[in-house]
2 protein chains.
Amino acid sequence: MQVTPATTPAAKELLPQDAKFMAQFIAMAPFVFQTALCLRDLGVLNLLCENLQGMTSEDMLKKMNLSRYSLNVLLDAGESCGILNENNKTWTITQTGIFLENDAITRVNMNFSQDVCYQGLFNLKESLETNTPAGLKVFGNWATVYEGLSSLPRKVQQSWFEFDHFFSSDSFPRALPIVFKDKPKKILDVGGNTGKFAVACTQYDSAVNVTIADHPGQIEMAKVNASNNNVADRVHYHVTNLLKHDQELPQGHDTIWMSQLLSCFSDEEVVMLLSKARKALGPNGSLYIMETFTDNQKFNTARFCLDMTSLYFTAMANGNSRMYRSEEFYKLIAKAELKIVEEHPFIRLNHTILKCVPA
Amino acid sequence: MQVTPATTPAAKELLPQDAKFMAQFIAMAPFVFQTALCLRDLGVLNLLCENLQGMTSEDMLKKMNLSRYSLNVLLDAGESCGILNENNKTWTITQTGIFLENDAITRVNMNFSQDVCYQGLFNLKESLETNTPAGLKVFGNWATVYEGLSSLPRKVQQSWFEFDHFFSSDSFPRALPIVFKDKPKKILDVGGNTGKFAVACTQYDSAVNVTIADHPGQIEMAKVNASNNNVADRVHYHVTNLLKHDQELPQGHDTIWMSQLLSCFSDEEVVMLLSKARKALGPNGSLYIMETFTDNQKFNTARFCLDMTSLYFTAMANGNSRMYRSEEFYKLIAKAELKIVEEHPFIRLNHTILKCVPA
């Protein structure tokens, strides 16, 4: 069975029979997802990756601790989903199956889907209707996932962090030359989290000082991190609740940095945070924002993943944030009386860096 | 965004970029499914079906009780899944979206996925490892779904029955001429359920008598049904537990009928039931079996749905039954010392009727 997405905009509409298949594929997508997950986690995909010429189900059974019934029902489902092929009783893995088994980001996304989001997404409709993360009750009675993060089950936490880090880790080296072009002396990292960027800055420029503004829990982790990297003397801290209107950001920094921060907040909150930043900026200061905008992507696959990730924010995180379209986001920047003076798209493909100054 | 399944076997393998997209589409399939469900159940698809020329999101908002955030996040996700298109701020529905909104079987499948299977499928791996319906615990502590059917929440029950009936209702008129070709006098309907087929038989032939063999609960419903149709004098009952080896089927019937029954049992149980039928058959009697075999389908879409449905049996129903391949099923018939003398495929497209006699 072939299941092919055309990622080119060639055909504007599908043939009716293809659209009907796609509708059914979506209507039964939970079955498709669990089929793929079980094929991966029970070792079928691994076995077929090691035997690309193919295997019979009888040969597979000898290497697995699974009943004949279970293996056969899973193999047939896998073929119908386009993950496996069967020819003359020999099973082979398709390209799609190879990506499901071996592609790092596909693995990370799949674990995130199952461990963090699957059960809570059941309540997506309620989340959309109430603008609260109605799926989060699967794990606990918190207003946002950020409150509960440290209490999540270990496996859930692990899949959450792997997902979170996959999108940020490699972009910092590409971001530093942009941020340091104007030779900043004092950087304020808003939502600095565990201090990864702050440490990277101190290593990039031996004279720079960085202040991390964040919640107390994050600050504690950042302190350890700075100390472990022997830069504790140049990393400073500002404990704050970003969502409180009356808690301002500290002044006297020539550069403010916000990375993957604003997608965690609603439109109104983004404007408030940007206004706080504007107020805190020194006379010639600049605000650098790094975000993944859904409409600034080279590949449809990336855009697809970002649009799906927005629903995680809806159902699980806080019920009112998302991966923004640049167009919508630029309106929020203008509302906060800031203007964009530089735009650097496609940082490690997915990210965009905006340099803003007071309008 | 185009998301196209090629239902022809034209390309044997996908291009790497298409396979990568498909892998991500599967890895995030729970998001895709919930997007489609919310677009349908919050009325977006309906609105766009009534306005095929397209609408702006602002116009949609006026007709809906949804926040701007919620609508926009859903529209963007819908476009990434190939359900909607956006052009110059005008949103239109794709063919896939039209099927999701209007196609009866797609609706039935989607409700079945969400209401009956979504949550339980989370435990598919455990079901495959233990050959028990590990997902059923979402609803109650039963060994099989059949025990719990009458206690399921109303909405779950409704989606279950709509799914169940969709596949059987229309096939009986096509089956009757085949079963009545040999002018049977006494028919035994094993697993006769609510008596639908029994009543249809009495209406088809004014002389025929039909005995329904089933569990006591089903028999009660069948009695009411026969009485309502004024054929109570020609419908008889045999209370039995089909899974008990020592409870034989009644003798003296020239025809035995089993419709969509055997897919609810494991290989070993199928052989036991077929053996019971063989023993009960009169000297010139025949056994008619109506089933949906995954490899006897004209369309890939049907095969796909049947293979997915097997996983419902795995995770929710009893943990060891499935939609069979004809090839595998024929082996079970031979094991029960029966032989196939007629084969009628493609009854209302999906069903196959097999006429069997003692080997």
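The rules behind these values
Residues numbered from 1 in each chain as written. Chains lettered and ligands numbered in written order. Predicted model: local features only at pLDDT ≥ 70, side-chain atom pairs only at ≥ 80, totals over all residues. Heavy atoms only, no water. Phe/Tyr/Trp six-rings, centres within 6.5 Å; stacked < 30°, edge-to-face > 60°. Helix = DSSP H or I, 4+ residues; strand = E, 2+ residues; numbered from the N terminus. Buried < 20%, exposed > 50% of the residue type's maximum accessible area, 1.4 Å probe, protein only. Lys NZ or Arg CZ within 6 Å of the ring centre and 35° of its normal. Domains from an automatic or database assignment. Contact = heavy atoms within 4.5 Å. Buried area = accessible area lost by both parts, 1.4 Å probe. Salt bridge = Lys/Arg side-chain N within 4 Å of Asp/Glu carboxyl O. Polar contact = N/O pair within 3.5 Å; in protein donor to acceptor, adjacent residues only side chain to side chain. Axes fitted to C-alpha atoms, helices over the stretch in contact; angles between N-to-C directions. Parallel < 35°, antiparallel > 145°, perpendicular 65-115°, else oblique. Pairing = 2+ DSSP bridges. Core = buried A, V, L, I, M, F, W, Y, C linked by side-chain atoms within 4.5 Å. Least-squares fit on C-alpha atoms with pLDDT ≥ 70 in both. Bend = angle between axes of the 7 residues up to and from the residue. Expected span 1.5 Å × (residues − 1). Disulfide = S-S within 2.5 Å. Right-handed = clockwise from strand over helix to strand, strands pointing away.

### Points about the packing of aromatic side chains
One pass over the structure, following the stated rule, counts 32 aromatic pairs over all chains. With 5.4 Å between their ring centres and 55° between their planes, F21(A) and F304(B) make a pair best called tilted. Of this pair, F21(A) sits in helix α1 (residues 16-27) while F304(B) sits in helix α15 (residues 300-317), placing the two residues on different chains. The residues F21(A) and F304(B) share a single accessibility class, namely buried. One aromatic cluster in this structure is built from F21(A), F25(A), F304(A), F21(B), F25(B) and F304(B). If you follow K223(A) out to its NZ or CZ, it ends over the ring of Y237(A), 5.5 Å from the centre.

### Points about the domain arrangement of chain A
Under the domain assignment used here, chain A contains domain 1 (16-102) and domain 2 (170-295 + 320-358). Its C-alpha centre places domain 1 of chain A at a distance of 44 Å from the equivalent point of domain 2 of chain A.

### A few points about the interface of chain A and chain B
Listed per partner, the contact involves 96 residues of chain A and 96 residues of chain B. Interface area for chain A against chain B, summed over the two sides, is near 9,100 Å², with a carbon-plus-sulfur share of 65%. The largest contributions to the chain A side of the interface with chain B come from F31(A), Y69(A) and F122(A), which together make up 8% of the buried area. Here chain A is connected to chain B by twelve salt bridges. K89(A) is paired through a salt bridge with E327(B); the nearest N and O atoms lie 2.3 Å apart. For the pair chain A and chain B, the number of links is 29 residue pairs in polar contact (both at pLDDT 80 or more).

### Focus on the packing of helix α6 (residues 95-102) of chain A against helix α7 (residues 104-121) of chain A
All names here are of chain A. Interhelical geometry of α6 versus α7 gives an angle of 75° and a closest axis separation of 6 Å. In terms of their interaxial angle, α6 and α7 are classed as roughly perpendicular. When α6 is examined against α7, the residues F99, L100, E101 and N102 are found in contact with a partner set consisting of A104, T106, R107 and M110.

### Quick look at the pattern of salt bridges
Opposite charge on two side chains permits pairing when their charged atoms draw close. Taken as a whole, this structure holds 40 salt bridges over all chains when the rule is applied. One salt bridge in this structure joins R40(B) and D41(B), with 2.9 Å as the shortest N-O distance. For D41(B), a relative accessible area of 37% gives the class partly exposed. Of the charged contacts, one joins E342(B) and K355(B) as a salt bridge, the two residues approaching to 3.7 Å between their closest N and O atoms. Remark: K355(B) occurs in strand β9 (residues 351-358) and E342(B) occurs in strand β8 (residues 338-347); sequence separation between them is 13 residues. Across the pair, K355(B) and E342(B) agree in class, each one buried. One connected set of salt bridges, linked through shared partners, spans D76(A), E86(A), R322(B) and R325(B).

### Observations concerning the sheet that holds β8(B)
Whenever strands of a sheet pair, they do so through backbone hydrogen bonds, lying parallel or antiparallel. Residue and element names in this part refer to chain B. Within the open sheet, the seven strands sit side by side as β5-β4-β3-β6-β7-β9-β8. Their pairing is mixed. Both edges of this open sheet fall to β5 (235-239) and β8, since each of them pairs with a single strand only. Averaged over all neighbouring strand pairs, the angle between strand axes comes to 20°, with direction disregarded. As defined by bridge partners, β8 adjoins β9 across seven bridges and the pair is classed as antiparallel. Opposite E342, over in β9, you have K355 as the bridge partner.

### Focus on the nonpolar core
Counting 196 residues, the largest nonpolar core has Y312(A) and Y312(B) as its most contacted members. Once residues lying within four places of it in the same chain are set aside, the contact partners of Y312(B) are F31(A), F112(B), V116(B), C117(B), V145(B), W160(B) and A317(B).

### Examining the relation of the copies chain A and chain B
At an RMSD of 0.0 Å, chain A and chain B line up after a rotation of 180° and a shift of 0.0 Å along the axis. These values place the two chain copies in the arrangement generated by a two-fold rotation axis. An overlap of 100% is found between the interface residues of chain A and their copies at the interface of chain B, pointing to a shared contact surface.

### Digging into α7(A)
The largest bend in α7(A) comes to about 45°, at Q114(A). Judged by how many residues are buried, α7(A) sits mostly within the fold: 15 of 18 residues are covered.

### Details of helix α2 (residues 29-41) of chain A
All names here are of chain A. End to end, α2 covers 18 Å across 13 residues, agreeing with the expected 18 Å (1.5 Å per residue, within 8%). When you tally the buried positions in α2, you get twelve out of 13 residues, the bulk of the element. Within α2 the residues assigned to the buried category are A29, P30, F31, V32, F33, Q34, T35, A36, L37, C38, L39 and R40. One or two positions beyond α2, positive phi appears at G43, with a value near 90°.

### Concerning the state of the cysteines
What the rule picks out here adds up to zero disulfides over all chains. The thiol of C117(A) is unpaired, and the distance to the nearest cysteine sulfur, on C305(A), comes to 12 Å. With no disulfide of its own, C264(B) has C117(B) as its nearest cysteine by sulfur position, at a separation of 13 Å. On the basis of relative accessibility, which here comes to 17%, the residue C264(B) falls in the buried class.

### Side note on the pairing of strand β7 (residues 281-291) of chain B
All names here are of chain B. Taken across its eleven residues, β7 has nine buried, putting it largely inside the fold. Relative to β7, strand β6 (residues 253-259) is paired through six bridges, and the arrangement is parallel. Of the residues in β7, the one forming a bridge with W257 is Y288. On the question of chirality, the crossover connecting β6 to the parallel β7 by way of helix α14 (residues 267-280) is right-handed. Examined bridge by bridge, β7 and β9 share five bridges and lie antiparallel to one another. By the bridge assignment for β9, L287 is matched with C356.

### Re the environment of A317(B)
Mapping A317(B) onto the fold places it in helix α15. Excluding residues within four positions of it along the chain, A317(B) makes contact with P133(B), A143(B), T144(B), V145(B), Y146(B) and Y312(B).

### Digging into the environment of M290(B)
Residue and element names in this part refer to chain B. Within the fold, M290 resides in strand β7. Classification of M290 as buried rests on a relative accessible area of 0%. Discounting residues that sit within four places of it in the chain, M290 has contacts with S171, F172, A175, W257, M258, S259, Q260, H351, T352 and I353.

### Topic: the environment of W91(B)
Residues and elements named next belong to chain B. Take W91: it is sitting in strand β2 (residues 90-93). The exposure class assigned to W91 is buried, which follows from its relative accessible area of 5%. Taking the C-alpha atoms as reference points, W91 and L52, 39 residues apart in sequence, are found 9.2 Å from one another.

### Focus on unusual backbone geometry
In this structure, N193(A) is a non-glycine residue whose phi angle is positive, near 55°. For N193(A), the position within the fold is in the loop between β3 (186-190) and α12 (196-204). Residue N193(A) is classed as partly exposed on the basis of its relative accessible area, which comes to 33%. If you check the backbone angles, N230(B) has positive phi at about 60° while not being a glycine. Relative to the helices and strands, N230(B) is located in the loop between α13 (216-228) and β5. Judged by its relative accessible area of 68%, N230(B) is exposed.

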